[in-house]
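Now for the letters of each chain:
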Amino acid sequence: MKRIAFFDSGLGGITVLKEAMTQLPHEQFLYYADTKHVPYGSKPKEDVKRFILDAAADIMRHDIKALVVACNTATSIAIAELRVRYAIPIVGMEPAVKPAVEMNRPLGRRVLVLATALTLRESKYHELVNRVDDLSIVDSLPLPELVPYCEALQFDEAVLADYFRRQFEPYDLNEYGTLVLGCTHYPFYRQLLAKLVPPHISIIDGSRGTVRRLRELLSAHSLLNDTGSGDAGVQWMCSGRDGEYIRKMQQALELYASGRLFEE
Ligand code: DGL
C-alpha cells in the first residue's frame, strides 16, 4: 500500500496530517520535515525554493501516491514547479481568505490574515487578496517568532499570551470578525488565540479544505483507500541528521491531537 506524503519545513504540517488521519482513516502516511532549513518564512525566496525542490526530490525517492505540501510558504513559492516535475497528485495550502471575506463582508467586519513574512510578500497571496477583497477589509500580519516558538515546543501560556498581545497592539480587534491562520504551524496556538481575542472572532485555517481536495484527487485517480486498516503508524523523516527530531514530531502530534495544549 503506497503512502501519502506530507511535507513542511518543520512541525507545522502535523496540523494538516492530523486532519488527514481523521478524514482518511484507511490511508498510510509519510511525514517529511526539512529540519536543515526550518524556518522558511524569514529566508530569501530563491533559497527557500531550492530547499523545497531538494526536499521534494528526497521524498520522491519513496514510492508515494500523492504529496501534500502542508506549508503555505512552500505552496506559494514552488507548487507550480512541483506539479511540472512530478506526475502524482499534489495538493497545496492557501490562506483561507475567500471564505473569511465572504463571511465578514455582510457583517461589516474586517479579516486579519496571520502568516509568514514570505507568504505575505508573495504575488500568489496578493493576487488572491486582489481577487476576493473588493471592499478592502483584509489586513495581513506576519508573526516571524511564532514558527521558532513552535519548533521549540514552546507552549507556555504566559510567554505566548504576552507575545500575541504585543503583536495585536496596533489593531482594534473589535473591528475584526475572523483570524485566518495562513501558516500550518499556527493552529498549535488556536486554543490560546481563542482565549485572547474577543469571543465573536472566528479562527479558521485551510487544513480541512486541503484534505477534502486530497480526497477528491485520490478518488479521481482511483487511489483512494476507503476500507481496510490504514493507520499502521506514520513514517517520519527529516532532512537533518537529527534522530531526536523524530521523537519531537511524534510528541507534537500527540500534543496537538490531545486538544489540550492550553487550558480552556
Ligand atoms: N509551516 C509553514 C507555513 O505554512 C512555514 C513555516 C516556516 O518555515 O517559516 O507557512
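As shown above, the structure is provided for reference.
The rules we used
- Residues numbered from 1 in each chain as written.
- Predicted model: local features only at pLDDT ≥ 70, side-chain atom pairs only at ≥ 80, totals over all residues.
- Heavy atoms only, no water.
- Salt bridge = Lys/Arg side-chain N within 4 Å of Asp/Glu carboxyl O.
- Helix = DSSP H or I, 4+ residues; strand = E, 2+ residues; numbered from the N terminus.
- Buried < 20%, exposed > 50% of the residue type's maximum accessible area, 1.4 Å probe, protein only.
- Polar contact = N/O pair within 3.5 Å; in protein donor to acceptor, adjacent residues only side chain to side chain.
- Contact = heavy atoms within 4.5 Å.
- Phe/Tyr/Trp six-rings, centres within 6.5 Å; stacked < 30°, edge-to-face > 60°.
- Near = heavy atom within 4 Å.
- Areas by Shrake-Rupley, 256 points an atom, 1.4 Å probe, with all protein chains shown as cover.
- Nonpolar A, V, L, I, M, F, W, Y, C, P; charged D, E, K, R; others polar.

S.K.: Explain the pattern of salt bridges residue by residue, including any values.
M.R.: A pair can form between side chains of opposite charge whenever their charged atoms are brought close. With the rule as written, the count across this model stands at 16 salt bridges. Residue Lys-124 is joined to Glu-94 by a salt bridge in which the shortest nitrogen-to-oxygen separation is 3.5 Å. With Lys-124 in helix H6 (residues 123–132) and Glu-94 in the loop between strand E4 (90–91) and helix H4 (97–104), this pair connects stretches of sequence that are 30 residues apart. For Glu-94, a relative accessible area of 37% gives the class partly exposed. Here Glu-157 and Lys-195 are joined by a salt bridge, their closest N and O atoms 2.7 Å apart. Residue Glu-157 is located in helix H8 (residues 157–168), and its partner Lys-195 is located in helix H9 (residues 190–196); the two are separated by 38 residues in the primary sequence. On the accessibility criterion, Lys-195 (38% relative accessible area) is partly exposed.

S.K.: Outline the side chain of Thr-116, supporting the account with residue identities and numerical values.
M.R.: Tracing the backbone through its elements, the reader meets Thr-116 in the loop between strand E5 (110–115) and helix H5 (117–121). Engagement of the side chain of Thr-116 in a polar contact is seen with the side chain of Thr-73, the distance being 2.9 Å. If sequence neighbours within four positions are ignored, Thr-116 has contacts with Gly-41, Thr-73, Pro-142, Cys-183 and Tyr-186.

S.K.: Would you mind going over the packing of aromatic side chains in detail, with residue names and values included?
M.R.: The geometry of an aromatic ring pair is captured by the separation of the ring centres together with the interplanar angle, meaning the angle of the planes. For the coordinates displayed, the defined rule picks out 15 aromatic pairs. On the numbers, 6.5 Å between centres and 55° between planes, the contact of Phe-7 with Tyr-40 is tilted. A residue pair is termed long-range when its members are at least 10 positions apart, and Phe-7 in strand E1 (residues 3–8) and Tyr-40 in the loop between strand E2 (29–33) and helix H2 (45–60) qualify at 33 residues. In terms of burial, Phe-7 and Tyr-40 fall into one category: buried. Taken together, the aromatic side chains of Tyr-149, Phe-155, Tyr-163, Phe-164, Phe-168, Phe-188, Tyr-189, Tyr-256 and Phe-262 make up a single cluster linked through ring pairs.

S.K.: Summarise the site of the ligand; cite the residues concerned and give the values.
M.R.: By nearness alone, 13 residues border the ligand, and Ser-9, Tyr-40, Gly-41, Asn-72 and Thr-73 come closest of all. Contact distances for the ligand include 3.0 Å between a nitrogen atom and a side-chain N or O atom of Asp-8. Contacts to the ligand include Asn-72, whose backbone N or O atom sits 2.8 Å from an oxygen atom. Surface burial for the ligand is 99%, taken as the share of its 300 Å² of free accessible area covered by protein chains. Considering only residue class, the shell around the ligand consists of five nonpolar, seven polar and one charged.

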